[in-house]
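So you can see what is in the structure, the chains are spelled out below.
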Number of protein chains: 2
Amino acid sequence: MLEKTTRMNYLYDFYQSLLTPKQRSYMSLYYLDDYSLGEIAEEYEVSRQAVYDNIKRTEAMLEEYEEKLLLFQKFQERQKLIKKLREIAARNQLQDEEFFKTIEALEKLE
Amino acid sequence: MLEKTTRMNYLYDFYQSLLTPKQRSYMSLYYLDDYSLGEIAEEYEVSRQAVYDNIKRTEAMLEEYEEKLLLFQKFQERQKLIKKLREIAARNQLQDEEFFKTIEALEKLE
């Protein structure tokens with residue numbers, strides 16, 4: 001479950017701009033703020049089932065986007081390669097400060 | 001016009017998986033294979049106007065996806081940073097072959 005939550009957090013992060021405002025609200029309350037389905041239902045004055053269905057559909061949409069665009073997968077692969085660049089710099093005792101600034105800029109671009 | 005074609009080629013490359021098969025066919029014939037609207041219309045036995053409308057709509061969709069996900073913009077920024085890493089390696093006379101392999105892997109990930 002924790003693993004699923006982490007994955008959904010990432011997928012939400014990458015694809016939230018493709019969701020509707022309501023989908024974003026439910027997902028963000030459920031996954032980021034750790035609200036229960038019942039609490040979200042109360043907040044929006046809808047049934048618990050309606051919230052559940054909406055979140056399930058949104059999760060499926062996020063997985064579909066990931067299948068098509070692979071942003072999360074590429075992000076993970078990029079992180080590994082960036083880590084390797086840091087290791088290579090360390091073992092070659094590279095001191096150039098601009099190198100580390102550039103690596104950080106690359107990491108922030110995700 | 002050439003600049004627009006280049007941009008559309010990139011946007012198509014990044015977001016084609018989000019298009020319908022018909023949108024993909026028209027866009028790829030028009031932008032990659034340099035067919036005219038008339039030639040595509042003939043191939044698909046539809047009016048030239050129908051092809052034109054479809055392509056215009058698809059172009060607008062691609063620009064909307066780019067507005068939301070910024071994949072092309074981030075790609076360009078990443079290319080600049082990777083170029084800078086190569087320059088830093090050169091001026092520090094870094095010889096480590098794994099560095100260049102890792103940089104190439106990063107470039108290929110786009």
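Residues numbered from 1 in each chain as written. Chains lettered and ligands numbered in written order. Predicted model: local features only at pLDDT ≥ 70, side-chain atom pairs only at ≥ 80, totals over all residues. Heavy atoms only, no water.

Draft legend 1. Examining the overall build of chain A more closely. Looking only at helices and strands, one finds six helices and zero strands in chain A. Overall, chain A shows an N-to-C arrangement of helices and strands of α-α-α-α-α-α. Relative to the compact-globule value of 13 Å for 110 residues, chain A shows a C-alpha radius of gyration of 19 Å, a clear excess of over 25%. In terms of overall dimensions, chain A has a C-alpha envelope of 60 × 25 × 25 Å along the principal axes. Looking at the 110 residues of chain A, the share that counts as buried comes to 38%. (Helix = DSSP H or I, 4+ residues; strand = E, 2+ residues; numbered from the N terminus. Rg over C-alpha atoms; globule rule 2.2 N^0.38 Å. Buried < 20%, exposed > 50% of the residue type's maximum accessible area, 1.4 Å probe, protein only.)

Draft legend 2. Representation of the relation of the copies chain A and chain B in the model. Rotating chain A by 180 degrees about the axis while translating it 0.0 Å along that axis superimposes it on chain B, leaving an RMSD of 0.0 Å. What the superposition gives is, in effect, a two-fold axis relating one chain to the other. Relative to the rotation axis, the C-alpha of L94 of chain A is the closest in chain A, positioned 4.1 Å from it. (Least-squares fit on C-alpha atoms with pLDDT ≥ 70 in both.)

Draft legend 3. Structural detail: the side chain of D96 of chain B. Take D96 of chain B: it is sitting in the loop between α5 (71-91) and α6 (97-108). Those residues in contact with D96 of chain B that sit more than four places away from it in its chain are I88, R91 and N92 of chain A. (Contact = heavy atoms within 4.5 Å.)

Draft legend 4. Quick peek at the pattern of salt bridges. Residue and element names in this part refer to chain A. This model, assessed by the stated rule, comprises 16 salt bridges over all chains. Among the salt bridges present, the one from E59 reaches K56, with a minimum N-O distance of 3.2 Å. Of the two residues, E59 and K56 both sit in helix α4 (residues 48-69), three residues apart, roughly one turn of that helix. Here E107 and R86 are joined by a salt bridge, their closest N and O atoms 2.8 Å apart. Note that E107 is positioned in helix α6 (residues 97-108) and R86 in helix α5 (residues 71-91), a separation of 21 residues in sequence. For E107, a relative accessible area of 27% corresponds to the partly exposed category. (Salt bridge = Lys/Arg side-chain N within 4 Å of Asp/Glu carboxyl O.)

Draft legend 5. Seen up close, the nonpolar core. Membership of the largest hydrophobic core comes to 44 residues, with the highest contact counts inside it found for Y15, I55 and L62 of chain A together with Y15, I55 and L62 of chain B. When near neighbours in sequence (up to four residues on either side) are disregarded, Y15 of chain B contacts L62, Y65, E66, L69, L70, L71 and F72 of chain B. (Core = buried A, V, L, I, M, F, W, Y, C linked by side-chain atoms within 4.5 Å.)

Draft legend 6. Main features of a negative patch on the surface. All names here are of chain A. Side chains of D33, D34, E39, E42 and E43 sit close together on the surface and give a patch of like negative charge. Tracing the backbone through its elements, the reader meets E42 in helix α3 (residues 37-44). Under the relative-accessibility criterion, E42 is labelled exposed at 67%. (Patch = residues over 30% accessible without salt bridge, like charges linked within 9 Å, V, L, I, M, F, W, Y side chains within 5 Å. Areas by Shrake-Rupley, 256 points an atom, 1.4 Å probe, with all protein chains shown as cover. Lys, Arg positive; Asp, Glu negative; His and termini not counted. Charge placed at Lys NZ, Arg CZ, Asp CG, Glu CD.)

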